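The residues making up each chain are set out below.
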Amino acid sequence: MASNATPSLHKLSPDAKEFIPASVRSTHVKAEPVLSPVSNYAVAIFRGYVEDLMQEPGMYDATVADLKQNLPFYVHTEMIASKLAEELVQHSIEESNFRYTGARLSEVLSTCLSTVNFKKQFLHRCGIEFSRKKELIATKEGQKHLIGFSLFVGELLLNMQLKDGGMIEIFQGAIFQLLALFMSAPNDDTVRCVTQLLKLTGGVLETRDEQSPELDSLFDGIKSFIVSSNSSTGHRQMLLNLVKLRAKDWQG
């Protein structure tokens, strides 16, 4: 069984230690490898499946069954797996209607492409996005990208699992850090993201945070912000509704 402990977040500071383990962190930018014709074909096939899932989400089971049967034949190296992980992460960030499906697909690919370590490549790609959070929060366009990534991480917390069926707890730690970062730069978009992300994951975080103070600390900060002179009426109302939702055990 996986431990329920979460990474130390230094009292929810947005300057807290990165959530990505050392084994999948990237400290150097590597040159983009040249893909072979087979690799390009694998990427093209994958994009076709993604397009099918976007256009006909009700056909998810049939589309995924076909993907599991055919895609592994063309994905025979970690380099190709890395490229597919990049495609999946970027599409899930940019397309709000795909994030839930993208998270489910991440789990599927981690299983059917296990021989080329897709899950490792996928987590590595998520780590790259997460490491850019302070850069992204500084601009309006960057915030839009970071919000998309954060909501995708929320879906991953709910849908991507370890081999024993447990949750990948680094996503839990990432969510707390991202929420703290958004609350340190409040505007209509970031406050709305805090609300959306906690509505999505709050029940799970509550259950898994019983032995650590992160969620209580986060809500202490939210309550302080609500009564501060820095909050607008709209921000106060969104966050107050969130406080009420937690008081109802996330049953809204």
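Everything numeric here is computed off the predicted structure, so don't read it as measured data.

With that settled, the discussion passes to the overall build of the chain. Helices and strands together make up the secondary structure of the chain, namely eleven helices and zero strands. Tracing the chain from N to C terminus, the helices and strands come up as α-α-α-α-α-α-α-α-α-α-α. Looking at the chain as a whole, 49% of its 252 residues qualify as buried. Across the chain, every contact between residues at least 6 apart in sequence was considered, and the portion connecting residues at least 24 apart equals 72%.

It is possible for side chains of opposite charge to pair when their charged atoms get near one another. Inspection of the entire model under this criterion finds nine salt bridges. Here R132 ties to E135 by a salt bridge, and the two come within 3.9 Å at their closest N and O atoms. The shortest N-O distance in the salt bridge between R192 and D189 comes to 3.5 Å. Taken together, the residues span about one helical turn, with R192 and D189 both in helix α9 (residues 188-208) at a distance of three residues.

Per-residue confidence for the chain gives a mean pLDDT of 85, with 81% of residues at or over 70. Within the model, pLDDT remains below 50 along residues 1-12, and this stretch shows 27 contacts once partners closer than five positions in the same chain are excluded. Taken as a whole, residues 21-32 scores under 50 in pLDDT and shows ten contacts with residues more than four places along the chain or in a different chain.

Once that is clear, we can look at the layout of surface pockets. In this structure, the second largest pocket encloses a volume near 340 Å³. What lines the second largest pocket is a set of 16 residues, and nearest its centre among them are R99, K144, H145, I147 and G148. Listing elements by their share of the lining of the second largest pocket, those giving two or more residues are α3 (78-94), α7 (140-159) and α9. Top element by residues in the lining of the second largest pocket is α7. It accounts for eight residues.

Time to look at the nonpolar core. Counting residues in hydrophobic clusters, the biggest one holds 72 residues, and the most contacted among them are L105, L109, F122, L198 and I222. The element best represented in this core is helix α8 (residues 169-183), accounting for ten residues. Discounting residues that sit within four places of it in the chain, L198 has contacts with L179, L205, L215, L218, F219, I222, L242 and W250.

The next thing to look at is helix α10 (residues 214-226). The end-to-end C-alpha distance of α10, which contains 13 residues, comes to 18 Å, matching closely the 18 Å that a straight helix rising 1.5 Å per residue would cover. All of the buried residues along α10 are E214, L215, L218, F219, I222, F225 and I226. For α10, the buried positions fall inside an angular range of 125° around the axis, keeping them on one side. Against α8, α9 and α11 (233-247) lie the buried residues of α10.

Cut-off values and rules
- Residues numbered from 1 in each chain as written.
- Predicted model: local features only at pLDDT ≥ 70, side-chain atom pairs only at ≥ 80, totals over all residues.
- Heavy atoms only, no water.
- Helix = DSSP H or I, 4+ residues; strand = E, 2+ residues; numbered from the N terminus.
- Buried < 20%, exposed > 50% of the residue type's maximum accessible area, 1.4 Å probe, protein only.
- Contact = heavy atoms within 4.5 Å.
- Salt bridge = Lys/Arg side-chain N within 4 Å of Asp/Glu carboxyl O.
- pLDDT = per-residue confidence, 0-100.
- 1 Å grid on protein atoms, 1.4 Å probe; cavity = no way out; pocket = protein on both sides within 12 Å on 5 of 7 lines; lining within 4 Å.
- Points joined across faces, edges and corners; volume = space filled by probe spheres on them.
- Core = buried A, V, L, I, M, F, W, Y, C linked by side-chain atoms within 4.5 Å.
- Expected span 1.5 Å × (residues − 1).
- Arc of directions from axis to C-beta.

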